[in-house]
Amino acid sequence: MSRLALSLRINGVTHDVLTEPHRTLLDVLRDDLGLTGTKENCLEAECGVCTILLDGRAVNSCILLAAQCQGREIVTIEGLARAGVFVPLQQAFVDHGAVQCGYCIPGMILAAQAYLDECPEPTDDGIREALAGNLCRCTGYQKITDAVTAAARGLARARTTQ
Amino acid sequence: MSIETRVVGKSLPRLDAAGKVTGTAVYAADFALPGMLHGKILRSREPHARLVRIDAGRALALPGVRAVITATDVLDVRYGGGLKDETVFARDRVRYVGQPVAAVAATTREAAEAALAAIDVVYEPLPAVLDLEAALAPGAPLIHEAWQTYTAIPILHREGNVCQRARIVVGDMERGFAEADRVFEHEFRTAMVHQGYTEPRAAVAAWDSAGQVTVWSNTQLPFEIQNTLAEILALPPSKIRVIVPGIGGGFGGKLRVGVEHFAALLARRTGRPVKVVTTSEEELTAAYPRQGTRVELKTGVTRDGRITAKEGRIWFDTGAFAGSGPGVASVATLVLAGPYRIPNLLLEGYAVYTNKTNCGSFRAPSGPQSNFAVESQMDMIADALGLDPLDFRLKNIVREGDEGPTGQVLEAVGLEECLRRAADAIGWRDRRPAPGRGKGLACGWWTTTGGSSGVYVKINPDGSVAMNTGAAEIGTAALTGAAQVLAEELGVDLADISVVSADTFATPFDFGAQGSRTAFAVGNACRAAVADLRRQLFGLAAAQLGVDAEALTLRDKAVVADGKRIALAELARLSQASGGGLIAHGTFIAPPTPYDAKRVEAHVYPAFHSPSFHAHAVDLSVDRETGEVTVHRYVVAQDVGFAMNPRYIEGQIEGGVAQGLGQALSEEIVYENGRVLNPNLTDYKMPTSLDLPRVESILVEHPSLVGPYGAKGVGEPPNIEPPAAVANAVAAATGVRITTLPITAEKIALALRGEGPA
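Scope of this entry: the structure provided in the associated data block. (Residues numbered from 1 in each chain as written. Chains lettered and ligands numbered in written order. Predicted model: local features only at pLDDT ≥ 70, side-chain atom pairs only at ≥ 80, totals over all residues. Heavy atoms only, no water.)

A few points about the interface of chain A and chain B
And then number 1: If you look at the interface, chain A gives 47 residues, while chain B gives 52 residues.
And then number 2: Buried surface at the junction of chain A and chain B, both sides included, amounts to about 4000 Å², of which 51% is carbon and sulfur.
And then number 3: Applying the counting criterion to the chain A and chain B interface returns nine salt bridges.
And then number 4: Arg 109 of chain B is the salt-bridge partner of Asp 31 of chain A, the closest N and O atoms lying 3.6 Å from each other.
And then number 5: Between the two partners, chain A and chain B, sit 31 residue pairs in polar contact (both at pLDDT 80 or more). (Contact = heavy atoms within 4.5 Å. Buried area = accessible area lost by both parts, 1.4 Å probe. Salt bridge = Lys/Arg side-chain N within 4 Å of Asp/Glu carboxyl O. Polar contact = N/O pair within 3.5 Å; in protein donor to acceptor, adjacent residues only side chain to side chain.)

Dropping the structure here:
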């Protein structure tokens, strides 16, 4: 099968990848680049564990061809914390007990990040709507919603003190 | 609680949080080895058929395909829990749609999938037994004609398609019903549901030159998988190493061998590491879901609301193999009794074979099904007698010192407090606040499962502490809870503890992450280890400080006495220089709970250890046009004994209610003619963030005499009561009583129009 030479910009680093055209971004992230923080489950865009940011929007990487991502900005969970320092959402998830098994959490945090970038003063309902594509079977979403609310408040405070 | 604590009882963040929010935590599905092949399973397309021929010739010729194995390539071994009826592959007969027929290893997943499609299988269909009624009918075809030849624990009562019948008999039923003013008989049904963990079942297996296989798996029970693989491969367990890298949810669905054996067999055949991961379709057609059930209850009550007798039967549709059925059918009888004082009981639990997928364990196995029937009927009786459902329950509940159904003496019974506090919080006395709006209550009890746990606790030369446990962390933060106990007892901080877990070669035995037992049992094992470490530390410190060992205590990461102190780090270094280092082996097994053996027959779980008690209350509205339910508020009051980490206990309650509401309102694996109609996550409807209310948790603390600091098991109970609480609230809101799960909008709407069965 013919292969495509792709240049993928992931977490601020350019990766040159040679891959078959049918392979998804999820395949390339996990199998070729070892970025297994992006999780794999239904492969039909039903559960959201594979959520990444593509040009700032939360998308399911399991139904996105790697070839569609050329020249675009990809952020995975590995790209959030810098030098071991959590972004506010990560810290809020830890502080609020929003993490149980944790398998949905990378996708959940990225979906929440995309939402807060768009809507810095969220409501509880807004958060729940933004996360509706990300299944979590452990938490009942309550502490996750609380964590996102707290992170938004922290970010708002940081903006006003700047 | 009056105990002053520093670490245990505090809402501290879990030890594995950082890896989980940064994506560095490795789960079994993430695990990979160089040169690894991908395994896939070919599954039966017939519910019941003779397997005439399997031809893998075309598949083996495809590019990238390295092996195809079938029943003829594996030993003819039957394995299983209490009843050994399963085989790796179907041999001459398939018994459910989804049963493994062959397995393939190939260089890529695509190649493996192509190979599956190229295997030719010829089936000769046989009459299928598609539900409980068909399986129990006189002259029904036997799912296992040779059932009598299977190895089973002798206590089981089996007969044809019934692979277990457990029974509780108390008092005199005739007299009990004669004493009643009214006798109520009702029937209930519940659907098959899936645990819904977000990480599929996954395993990687690799053999070494010494003939030893290592399996990295997301199992909840590495030691059981080790033993099961030993049976399947006919190897001593010492040749099988099972390691759990991380688990993305289990809820009981990852107890039994799932894909580990396929990975091990394919890896042996190919000489390469092999990874097998299930698809969503496989999960919903061929995993270990919760059994669908039918329940019949007959309850005698006096005019003033005293229960005089209860006769109950529950039939579990356990599928083509026993799975967890025999144990689940036994536990169910204790749940059918309810947390009530009833002098005369006849309760039976049946596990029944059908041509469906093999059912297993799901968070509080048997709990939601049995409790749905019991607690629905409590409200139906209260309504018929003109009693308030709360008052009716309070009149009959067990209290301190009462007997459980099998004669166990109940201690630390927080049920009345749970009921009163849940009812108060929901505003019970205003049960029908608006048209179409109603409130419901349900209560129950549950066990803290026994089994033994061992830990090695080592003090490092920098004063930090390694906790080495055979238990796996499935997400509940149970190992953080156990580490809190360890830190408390050892006088260190939680952050000083690191956890090594779930490796059958390197960690001590543990009965496994199941049955609400992990924090309870591992926490107690840690206390035993600290008792030993204390002796070691005090011996060393007494010599160093020149004081009597009796005068020493542990405080602030040091051994102290009379104003003198020596740091744990220094003692660890001293021990390394002189005595091989500081390490202790702590063990725990829950003491047996005495019960009256004359009251039980063929029962594998006759008493609840350190039982927990709980009450749920819900406030909801029903749209009278569409039947749609909107849950406004949900309150749980749970007697946790002692809250080891309140925030994560709330997390267990919120998550358990979420799963319970799924089972109550929307979840069902739908079978038609032996085939699952909804094997995907769009049509199998688990609650999303938009479907769930906030849950208010009330932690009640009646300390257990056995658990660490009085703790009881907390993980499973929140999953038990939601279906009954919802059914009761729907009835309060609409006057319509739905007696089958799930309580879908369609069922409610039809019932409101007087159409269709409830």
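There is more to say, and it comes next.
Quick word on helix α5 (residues 142-161) of chain A
And then number 1: Here α5 of chain A contains 20 residues, and its C-alpha end-to-end distance of 29 Å stays within 8% of the 28 Å for a straight helix at 1.5 Å per residue.
And then number 2: Those residues of α5 of chain A that are buried lie in contact with α2 (88-95), α3 (105-118) and α4 (124-130) of chain A together with α16 (646-665) and β31 (695-700) of chain B. (Helix = DSSP H or I, 4+ residues; strand = E, 2+ residues; numbered from the N terminus. Expected span 1.5 Å × (residues − 1).)

Digging into empty space enclosed by the protein
And then number 1: Overall, the coordinates contain 10 cavities of 30 Å³ or more when judged by the stated rule.
And then number 2: As for the largest cavity, its lining consists of 21 residues, and the residues nearest its centre are Glu 86, Tyr 96, Pro 100, Ala 286 and Tyr 288 of chain B.
And then number 3: Broken down by class, the residue content of the lining of the largest cavity amounts to 11 nonpolar, seven polar and three charged.
And then number 4: Residue assignment places the lining of the largest cavity across two domains, with domain 2 (31-126 + 198-249 + 254-285) and domain 3 (292-448 + 595-752) of chain B each supplying three or more.
And then number 5: The calculated volume of the second largest cavity comes to roughly 110 Å³.
And then number 6: Around the second largest cavity sit 14 residues that line it, and Asn 41 of chain A together with Gly 196, Tyr 197, Leu 681 and Met 686 of chain B are the ones nearest its centre.
And then number 7: Of the residues that constitute the lining of the second largest cavity, the class distribution is eight nonpolar, five polar and one charged.
And then number 8: In this structure, the lining of the second largest cavity is formed jointly by two domains, domain 2 (31-126 + 198-249 + 254-285) and domain 3 (292-448 + 595-752) of chain B, each of which donates at least three residues. (1 Å grid on protein atoms, 1.4 Å probe; cavity = no way out; pocket = protein on both sides within 12 Å on 5 of 7 lines; lining within 4 Å. Points joined across faces, edges and corners; volume = space filled by probe spheres on them. Nonpolar A, V, L, I, M, F, W, Y, C, P; charged D, E, K, R; others polar. Domains from an automatic or database assignment.)

Some words on a nonpolar patch on the surface
Residue and element names in this part refer to chain B.
And then number 1: Taken together, Ile 153, Ile 155 and Val 604 make up a surface patch of nonpolar side chains, about 210 Å² in accessible area.
And then number 2: Within the element layout of this structure, Ile 153 appears in the loop between β8 (151-152) and β9 (162-170).
And then number 3: When its relative accessible area of 38% is taken as the criterion, Ile 153 is described as partly exposed. (Patch = residues over 30% accessible without salt bridge, like charges linked within 9 Å, V, L, I, M, F, W, Y side chains within 5 Å. Areas by Shrake-Rupley, 256 points an atom, 1.4 Å probe, with all protein chains shown as cover. Buried < 20%, exposed > 50% of the residue type's maximum accessible area, 1.4 Å probe, protein only.)

Regarding the pattern of salt bridges
And then number 1: The full count for this structure, using the stated rule, is 62 salt bridges over all chains.
And then number 2: Between Glu 224 of chain B and Arg 256 of chain B there is a salt bridge, and its shortest N-O distance comes to 2.9 Å. Highlighted residues: Glu 224 of chain B in helix α6 (residues 222-233) and Arg 256 of chain B in the loop between β13 (240-243) and α7 (260-270), separated in sequence by 32 residues.
And then number 3: Residue classification places Glu 224 of chain B among the partly exposed residues on the basis of a relative accessible area of 27%.
And then number 4: In this structure, Asp 619 of chain B engages Arg 437 of chain B in a salt bridge whose closest nitrogen and oxygen atoms are separated by 2.8 Å. Within this pair, whereas Asp 619 of chain B is found in strand β27 (residues 612-622), its partner Arg 437 of chain B is found in strand β18 (residues 437-446), the two being separated by 182 residues in sequence.
And then number 5: By relative accessible area, which is 4% here, Asp 619 of chain B ends up buried.
And then number 6: By relative accessible area, which is 25% here, Arg 437 of chain B ends up partly exposed.
And then number 7: Residues joined by salt bridges that share partners form a network here, namely Asp 27, Arg 30, Asp 31, Lys 39 and Glu 40 of chain A together with Asp 30 and Arg 109 of chain B.

Quick word on the packing of α3 of chain A against α5 of chain A
When two helices pack together, their arrangement is given by the angle between their axes and by how far apart the axes lie.
Residue and element names in this part refer to chain A.
And then number 1: The N-to-C vectors of α3 and α5 enclose an angle of 40 degrees; their axes lie 11 Å apart at closest approach. In this view, α3 runs oblique relative to α5, as classed from their interaxial angle. Two packed elements cross with a definite hand, and for α3 against α5 that hand is right-handed. Residues Ile 105, Met 108, Ala 112 and Leu 116 of α3 touch α5, and the partners they reach there are Ile 144, Val 148, Ala 151, Ala 152 and Leu 155.
And then number 2: Its residues assigned to classes, the contact of α3 with α5 comprises nine nonpolar, no polar and no charged. (Axes fitted to C-alpha atoms, helices over the stretch in contact; angles between N-to-C directions. Parallel < 35°, antiparallel > 145°, perpendicular 65-115°, else oblique. Left-handed = near helix turned anticlockwise from the far one by under 90°.)

Re the sheet that holds strand β19 (residues 452-459) of chain B
Residues and elements named next belong to chain B.
And then number 1: Across the sheet, which stays open at both edges, the four strands sit in the order β21-β20-β19-β25 with mixed pairing between neighbours. Two strands lie at the open edges of the sheet, namely β21 (497-501) and β25 (582-589), each paired on one side alone. Neighbour-to-neighbour, the strand axes of the sheet open up by a mean angle of 20 degrees, direction not taken into account.
And then number 2: As paired elements, strand β20 (residues 465-469) and β21 share five bridges and run parallel to each other. Counted as the bridge partner of Val 465 is Ile 497 from β21.
And then number 3: Sheet contacts for helix α14 (residues 518-545): β19, β20 and β25; angle to β25, the most-contacted strand, approximately 145 degrees. (Pairing = 2+ DSSP bridges.)

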